[in-house]
Amino acid sequence: MHTLPQQLANGLLLGSMYGLIAIGYTMVYGIVQLINFAHGEIFMTGAFGALTVYFYILPAGTSMWAAVPLMLIGGGIVSVLVAVGAERFAYRPLRQAPRLAPLITAIGLSLTLQELVRNFYPGADKSRSFPSLGGTHSFGSVDITDADIFLVCAAIVCMSSLAWFVRKSRTGRAMQATAQDPDTAQLMGIDTNRIIVVAFAIGGFFAAVAAVSYGLKYGNIDYRMGFLMGLKAFTAAVMGGIGNIYGAMLGGLVLGVAETMASAYISHIPGMQQLGGQSWANVWAFVLLILVLLFRPQGLLGERVADRA
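Reading guide: rules and limits
Residues numbered from 1 in each chain as written. Predicted model: local features only at pLDDT ≥ 70, side-chain atom pairs only at ≥ 80, totals over all residues. Heavy atoms only, no water. Helix = DSSP H or I, 4+ residues; strand = E, 2+ residues; numbered from the N terminus. Rg over C-alpha atoms; globule rule 2.2 N^0.38 Å. Contact = heavy atoms within 4.5 Å. Salt bridge = Lys/Arg side-chain N within 4 Å of Asp/Glu carboxyl O. Buried < 20%, exposed > 50% of the residue type's maximum accessible area, 1.4 Å probe, protein only. Phe/Tyr/Trp six-rings, centres within 6.5 Å; stacked < 30°, edge-to-face > 60°. Lys NZ or Arg CZ within 6 Å of the ring centre and 35° of its normal. Polar contact = N/O pair within 3.5 Å; in protein donor to acceptor, adjacent residues only side chain to side chain. Arc of directions from axis to C-beta.

Q: Now, about the overall build of the protein: what can you tell me, with residues and values included?
A: When helices and strands are counted, the protein shows 11 helices and four strands. By the compact-globule yardstick of 19 Å for 309 residues, the protein fits well, its C-alpha radius of gyration being 19 Å. For the protein, the C-alpha atoms occupy an extent of roughly 60 × 50 × 35 Å along the three principal directions. Residue pairs at least 24 apart in sequence account for 76% of intrachain contacts in the protein once pairs closer than 6 positions are excluded.

If you want it as structure tokens, here you go:
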């Protein structure tokens, strides 16, 4: 039990990362009823965009505290451009098509982005090292790195800013109206195409923030990193209540804590020694998803949007 505070902190940090990515899924679904399965690759391109800024644009020897904001800007620009481009050229032409068509398109776009990065980014076919902030701080029995502090601060700032934006800004209220009834919103003078682009852009930027946090925390990135992280984030969005931005963050935190606790403690239960450890972490994450779907299919906070045919 003396490791419980550390494991809880690890789970909350991991969950914050899941939550940042999950917001992109849930915002797009809330407005256009689309599961963007390429969102994991948008996360991945953000990581490589940040890496490009550090290795190919900034002068050698730049302080990491000066480099990180610029890496975040670079990664954010790449992710937002990819997300907005996907909406404009892949999803918008299929907006009136049967739901299976954009779903298949999203899967195809995901594979395309992976292969583009693998084949055209130098050294992307192998794991690329990512710069580290370094530094570890102890708070009682809990050790927190500078990368962890960056992740927590970024998650709090992003979530608070998004909450203010959705509640108080004119565009945020237009997003709520479009999510509730896009046809009526358009009749009332709201440019629904612009609102959809804004949703994709916000989701892309949040994915880039998560990607930079991932690289700083784990020290390496690769072209396949978006696949599993995307699935986990989608799981978090479903757990929290797909279409609910607060549910996405809550689902991410619950998933991160559950995954970490299962990895640390399942193996100590008599008869379950073989089912613990990091190798089983993904299994328990999806077991939790199945349980939520069985007993509370609308998610922890409930689905915000009506299911439109």
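Q: Explain the pattern of salt bridges residue by residue, including any values.
A: Where charged atoms from two side chains of opposite charge approach closely, those side chains can pair. Taken as a whole and judged by the stated rule, the model has six salt bridges. Between Glu115 and Arg118 there is a salt bridge whose closest N-O contact spans 2.7 Å. Within this pair, Glu115 and its partner Arg118 are both found in helix 4 (residues 100–120), separated by three residues, close to a single helical turn. You can call Glu115 partly exposed: its relative accessible area is 33%. Residues Asp148 and Lys217 are paired through a salt bridge, measuring 2.7 Å at the closest nitrogen-oxygen approach. Placement of the pair is Asp148 in helix 5 (residues 146–168) and Lys217 in helix 8 (residues 192–218), with a sequence separation of 69 residues. Salt bridges linked by common partners bring Glu87, Arg92 and Arg95 together as one network.

Q: Tell me about the packing of aromatic side chains, residues and numbers included.
A: Following the criterion strictly, the structure yields eight aromatic pairs and no others. Geometrically, the ring pair formed by Phe37 and Phe234 is edge-to-face, given 5.2 Å between the ring centres and 65° between the ring planes. One end of the pair, Phe37, is in the loop between helix 1 (4–32) and helix 2 (39–57); the other, Phe234, is in helix 9 (residues 225–240), and 197 residues separate them in sequence. Relative to Tyr121, the ring of Tyr56 has its centre 6.5 Å away and its plane inclined at 75°; by these criteria the two rings are edge-to-face. One end of the pair, Tyr56, is in helix 2; the other, Tyr121, is in the loop between helix 4 and strand 1 (128–129), with 65 residues separating them in the sequence. Classification of Tyr56 by relative accessible area gives partly exposed; the value is 47%. Here Tyr121 falls in the buried class, since its relative accessible area comes to 15%. Clustering of aromatic rings is evident, with ring pairs tying together Tyr25, Phe37 and Phe234. Across the ring face of Phe89, the terminal group of Arg88 is positioned such that the distance to the ring centre comes to 5.7 Å. Seen from the ring of Phe55, Arg128 lies directly overhead, with NZ or CZ sitting 5.8 Å from the centre.

Q: Before we move on, could you go through the side chain of Thr178 and cite the residues and values that matter?
A: Within the secondary structure, Thr178 is located in helix 6 (residues 170–180). Under the relative-accessibility criterion, Thr178 is labelled buried at 1%. Separated by 2.8 Å, the side chain of Thr178 and the backbone oxygen of Ala174 make a polar contact.

Q: Would you mind going over helix 6 in detail, with residue names and values included?
A: Within helix 6, the full set of buried residues consists of Thr171, Gly172, Ala174, Met175, Thr178 and Ala179. Seen end-on, helix 6 carries its buried residues on one side only, within an arc spanning 160°. Structural note: helix 6 exposes Arg170 and Gln180 on the side pointing more than 90 degrees away from its buried face. Where helix 6 is buried, its residues touch helix 1, helix 5, helix 7 (182–187) and helix 8.

Q: Just give me the short version of the side chain of Thr171, but keep the residues and values in it.
A: Tracing the sequence through the fold places Thr171 in helix 6. Beyond its immediate stretch of four places on either side in the chain, Thr171 contacts Phe165, Arg194, Ile195 and Val198.

Q: Which residues make up the environment of Ala281, and what values go with them?
A: Turning to its location among the elements, Ala281 is positioned in helix 11 (residues 281–295). Once the C-alpha coordinates of Ala281 and Thr171 are considered, the two residues, 110 residues apart in sequence, prove to be 39 Å apart. If we ignore the near neighbours within four places in the chain, the residues touching Ala281 are Glu259 and Ser263.

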